[in-house]
Amino acid sequence: QQQVKQSPQSLIVQKGGISIINCAYENTAFDYFPWYQQFPGKGPALLIAIRPDVSEKKEGRFTISFNKSAKQFSLHIMDSQPGDSATYFCAATSGTYKYIFGTGTRLKVLA
Amino acid sequence: DAGVIQSPRHEVTEMGQEVTLRCKPISGHNSLFWYRQTMMRGLELLIYFNNNVPIDDSGMPEDRFSAKMPNASFSTLKIQPSEPRDSAVYFCASSLAQGDIQYFGAGTRLSVL
């Protein structure tokens with residue numbers, strides 16, 4: 001019940017395309033859902049986050065869509081660029097210190 | 001702010017040796033985390049400190065692993081003796097308070113031969 005399932009494991013998108021990464025959870029106590037972006041040789045960095053009281057949050061080309069009833073949330077990267085090539089992790093927490101991370105999606109955007 | 005600082009960035013050691021990883025959290029942050037990242041298991045929380053006190057060490061794999069936080073600006077993760085299966089990237093992260101955004105360091109890539 002503490003797991004966060006992330007898919008796909010890897011994703012290849014053409015420049016200008018839309019990248020979509022999905023996550024699903026079971027624990028209804030989760031109330032904060034961050035996405036982290038990790039470049040090779042670097043630590044994960046917070047990209048965007050959402051709370052379950054909204055269904056969508058947009059920051060530039062990055063959008064989180066949240067479906068509370070389905071217990072799913074997804075990251076959409078519009079107009080994907082080669083510089084977006086990285087590994088993306090979703091996570092969930094219930095307001096405590098413990099983040100439950102997804103297994104990661106390796107995104108490659110072709111020029 | 002310089003962010004979370006970890007050292008060394010890379011460590012290569014032989015099985016049986018002691019390994020010490022170091023972390024300097026962001027100034028003013030009172031929560032510190034040690035994570036391990038592997039291809040097989042992803043990001044795993046090893047230990048969590050709040051105000052320099054270990055709160056949750058349930059993720060520490062076994063007694064060979066130990067962590068300390070002697071003051072608010074320094075923490076260590078020690079593996080003694082090290083084994084090849086300990087090879088991974090170890091991240092330190094800090095947050096302003098419990099439940100706040102976690103900021104990660106660049107990690108230490110450990111290879112145990």
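Our subject is the structure that appears above.
Residues numbered from 1 in each chain as written. Chains lettered and ligands numbered in written order. Predicted model: local features only at pLDDT ≥ 70, side-chain atom pairs only at ≥ 80, totals over all residues. Heavy atoms only, no water.

Undergrad: Explain the packing of aromatic side chains here, please?
TA: Given two aromatic rings, one states the distance between the centres and the angle between the planes to describe the pair. According to the stated counting rule, one finds 19 aromatic pairs over all chains in the structure shown. Judged by centre distance (5.7 Å) and plane angle (70°), the ring pair of Trp35(A) and Phe73(A) falls under edge-to-face. Here Trp35(A) is found in strand S4 (residues 33-38), whereas its partner Phe73(A) is found in strand S8 (residues 72-77), with 38 residues between them in sequence. Residue Trp35(A) is classed as buried on the basis of its relative accessible area, which comes to 0%. A residue is classified by how much of its surface remains accessible, and Phe73(A), at 1% relative accessible area, is buried. Each member of the aromatic cluster is reached from another via a ring pair, and the members are Tyr36(A), Tyr97(A), Tyr99(A), Phe101(A), Phe33(B), Tyr35(B), Tyr48(B), Phe91(B) and Phe104(B). (Phe/Tyr/Trp six-rings, centres within 6.5 Å; stacked < 30°, edge-to-face > 60°. Helix = DSSP H or I, 4+ residues; strand = E, 2+ residues; numbered from the N terminus. Buried < 20%, exposed > 50% of the residue type's maximum accessible area, 1.4 Å probe, protein only.)

Undergrad: When you look at the interface of chain B and chain A in this model, what are you seeing that I'm missing?
TA: Frequently, the measure chosen for interface size is the accessible area that the parts lose on association. With 19 residues of chain B in contact, the opposing surface of chain A contributes 16 residues. Between chain B and chain A, roughly 1500 Å² of surface is buried when both sides are summed, and carbon and sulfur atoms account for 59% of that area. Put simply, chain B and chain A have one salt bridge between them. For the salt bridge of Asp56(B) with Lys98(A), the shortest nitrogen-to-oxygen distance reads 3.3 Å. Those elements that provide at least two residues to the side of chain B that touches chain A are strand S4 (31-38) and strand S5 (42-50) of chain B. Taken together, the residues of the side of chain B that touches chain A break down into ten nonpolar, six polar and three charged. (Contact = heavy atoms within 4.5 Å. Buried area = accessible area lost by both parts, 1.4 Å probe. Salt bridge = Lys/Arg side-chain N within 4 Å of Asp/Glu carboxyl O. Nonpolar A, V, L, I, M, F, W, Y, C, P; charged D, E, K, R; others polar.)

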